[in-house]
Amino acid sequence: MADTPMVAMRGVQKHFGSLHVLQDIELDVARGEVVVVIGPSGSGKSTLCRTINRLETIDAGEITVDGEPLPAEGKALAQLRADVGMVFQSFNLFAHKTVLENVTLGPIKVRGQSKSDAEARAMELLRRVGVDSQAQKLPAQLSGGQQQRVAIARSLAMEPKVMLFDEPTSALDPEMIKEVLDTMVDLAQGGMTMIVVTHEMGFARTAADRVVFMADGRIVEQNTPHEFFSAPRSDRAKDFLGKILNH
Ligand SMILES: Nc1ncnc2c1ncn2[C@@H]1O[C@H](COP(=O)(O)OP(=O)(O)OP(=O)(O)O)[C@@H](O)[C@H]1O
Ligand SMILES: [Mg+2]
């Protein structure tokens, strides 16, 4: 249904031993919405992302993607991982496969596409992220920014319903950050549902529909970027913004 949230988290709790890393998380992400998650180191941002494609299990609560509870295992879990694309700080490309092979592997294995269909679609996506001329190279022959754009194309090749980004530009040299952010802005404008953990406040201001601020495993406040950056309500958010905007 069109008004079912693409991602819904209800009463989510997660512990690592005695550490309560996700506390009473309530979060709805609408279809086509772009949510930026920010907060201090250790506040649970990565863990939150990882629970959505079940790289981490939760202790209590419920998570649904497109109205369906997360599957526990098997084929359904592989399908979920295809529906929920994830791009990390480190690109995690297969080192011994070409760029093109990296992008076609999932669609052939998981989505059952023919090699020629998968390659045609992969070339389209590589063109979209601006690295189609690199298709026959190995990842190590590309710059960090190019590798990250290949990683984005690889996720997109699975036709995901939602894309999670966990600090996708934080391992990149400054001159490469923009090209990756531009790719993400393009995706956002194309209507992709996105959850993005980032310290790039320019991206948050221009591309996010909503900023979610986390501290100590909780969502402390959330608002439009304009409201959040101009008038943060909590002391935690004020303190955090003071540190990141004035350094
Ligand atoms: N696999 C794990 N085992 C034990 N503790 C963990 C594990 N993963 C994360 N933690 C702890 O859980 C807390 C939340 O970690 P998380 O990585 O989600 O934070 P974060 O907000 O993404 O931080 P950063 O900005 O540094 O990436 C931290 O205290 C971290 O040390
Ligand atoms: Mg993190």
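Residues numbered from 1 in each chain as written. Chains lettered and ligands numbered in written order. Predicted model: local features only at pLDDT ≥ 70, side-chain atom pairs only at ≥ 80, totals over all residues. Heavy atoms only, no water.

J.: So what's going on with the UniProt feature "domain: ABC transporter" (unreviewed entry) in the chain? Residues and values would help.
T.: Under the UniProt annotation, "domain: ABC transporter" (unreviewed entry) lies at residues 7-241. The span residues 7-241 shows a helical share of 39% and a strand share of 26%, and its end C-alpha atoms are spaced 27 Å apart. (UniProt positions renumbered as here; feature names shortened; annotations may be inferred. Helix = DSSP H or I, 4+ residues; strand = E, 2+ residues; numbered from the N terminus.)

J.: Please set out the layout of surface pockets residue by residue, giving values where relevant.
T.: If you add up the space inside the largest pocket, you get close to 620 Å³. Lining the largest pocket are 26 residues, with Arg-81, Met-86, Arg-154, Ser-155 and Met-158 sitting closest to its centre. Within the residue set of the lining of the largest pocket, elements represented by two or more residues are α2 (74-83), β6 (84-87), α3 (99-109) and α5 (144-156). Ranked by residue count, the leading element in the lining of the largest pocket is α3, at 6 residues. (1 Å grid on protein atoms, 1.4 Å probe; cavity = no way out; pocket = protein on both sides within 12 Å on 5 of 7 lines; lining within 4 Å. Points joined across faces, edges and corners; volume = space filled by probe spheres on them.)

J.: Tell me about the site of ligand 1, and please be specific about residues and values.
T.: Around ligand 1, the structure places Phe-16, Leu-19, Val-21, Pro-40, Ser-41, Gly-42, Ser-43, Gly-44, Lys-45, Ser-46, Thr-47 and Glu-167. A distance of 3.0 Å separates an oxygen atom of ligand 1 from a polar atom in the backbone of Gly-44. Mapped by element, the contributors of at least two residues to the shell around ligand 1 are β2 (19-29) and α1 (45-52). Considering each element in turn, the shell around ligand 1 owes the most residues, 3 residues, to α1. Among the residues forming the shell around ligand 1, the class breakdown is 4 nonpolar, 6 polar and 2 charged. (Near = heavy atom within 4 Å. Polar contact = N/O pair within 3.5 Å; in protein donor to acceptor, adjacent residues only side chain to side chain. Nonpolar A, V, L, I, M, F, W, Y, C, P; charged D, E, K, R; others polar.)

J.: Let's hear about the nonpolar core: which residues, and what values?
T.: Most often, soluble globular proteins have nonpolar side chains that are buried together. In terms of nonpolar packing, the biggest core is built from 49 residues, with Ile-38, Leu-126, Ile-152, Met-163, Phe-165, Met-184 and Met-194 touching the most fellow members. Per element, the largest residue contribution to this core is 7 residues, and it comes from helix α6 (residues 174-189). In this structure Met-194 touches Glu-33, Val-34, Val-35, Met-163, Phe-165, Met-184, Leu-187, Ala-188 and Phe-203, once residues within four positions along its chain are discounted. Core analysis: the next-biggest nonpolar cluster, separate from the first, contains 26 residues, Val-35, Ile-52, Leu-77 and Val-212 among them. (Core = buried A, V, L, I, M, F, W, Y, C linked by side-chain atoms within 4.5 Å. Buried < 20%, exposed > 50% of the residue type's maximum accessible area, 1.4 Å probe, protein only. Contact = heavy atoms within 4.5 Å.)

J.: Can you break down the pairing of strand β3 (residues 34-38) residue by residue, with the values?
T.: Across the 5 residues of β3, 5 count as buried, placing the element largely inside the fold. Burial along β3 is two-sided: Val-34, Val-36 and Ile-38 facing one way and Val-35 and Val-37 facing the other are all buried. Both β3 and strand β8 (residues 193-197) contribute to a ladder of 4 bridges, which runs parallel. Bridge pairing in β8 links Val-36 to Val-196. In this structure, β3 lies alongside strand β9 (residues 210-215), joined through 4 bridges in parallel fashion. Residue pairing in the sheet places Val-36 in a bridge with Val-211 of β9. (Pairing = 2+ DSSP bridges.)

J.: Describe in detail the packing of aromatic side chains, supporting the description with residues and values.
T.: Under the criterion given, the structure shown has 3 aromatic pairs. Clustering of aromatic rings is evident, with ring pairs tying together Phe-213, Phe-228, Phe-229 and Phe-240. (Phe/Tyr/Trp six-rings, centres within 6.5 Å; stacked < 30°, edge-to-face > 60°.)

J.: Any details on the pattern of salt bridges? Residues and values, ideally.
T.: In total, this model carries 18 salt bridges according to the counting rule given. One salt bridge in this structure joins Arg-50 and Glu-56, with 3.4 Å as the shortest N-O distance. Owing to a relative accessible area of 17%, Glu-56 belongs among the buried residues under this scheme. In this structure, the salt-bridge partner of Arg-236 is Asp-216, at a minimum N-O distance of 2.7 Å. Of this pair, Arg-236 sits in helix α9 (residues 235-245) while Asp-216 is found in the loop between β9 and β10 (218-223), placing the two residues 20 residues apart along the sequence. (Salt bridge = Lys/Arg side-chain N within 4 Å of Asp/Glu carboxyl O.)

J.: Got a sec to walk through the side chain of Thr-193? Specific residues and values, please.
T.: Position of Thr-193 among the secondary structure elements: in strand β8. By relative accessible area, which is 2% here, Thr-193 ends up buried. One polar contact links the side chain of Thr-193 to the main-chain amide nitrogen of Gly-32, over a distance of 2.7 Å. Leaving out residues up to four positions away in the same chain, Thr-193 has contacts with Met-6, Val-29, Ala-30, Arg-31, Gly-32, Glu-33, Lys-161, Val-162 and Met-163.

J.: Requested: an account of α9, with residues and values cited.
T.: Every buried residue belonging to α9 is among Ala-237, Phe-240, Leu-241 and Ile-244, and all of these are buried. Seen from one end, α9 has its buried residues packed into an arc of 95 degrees, which puts them on one side. The exposed residues of α9 that point more than 90 degrees off its buried face are Asp-235 and Lys-243. Here the buried face of α9 lies against β3, α7 (201-207), β9, β10 and α8 (225-230). (Arc of directions from axis to C-beta.)

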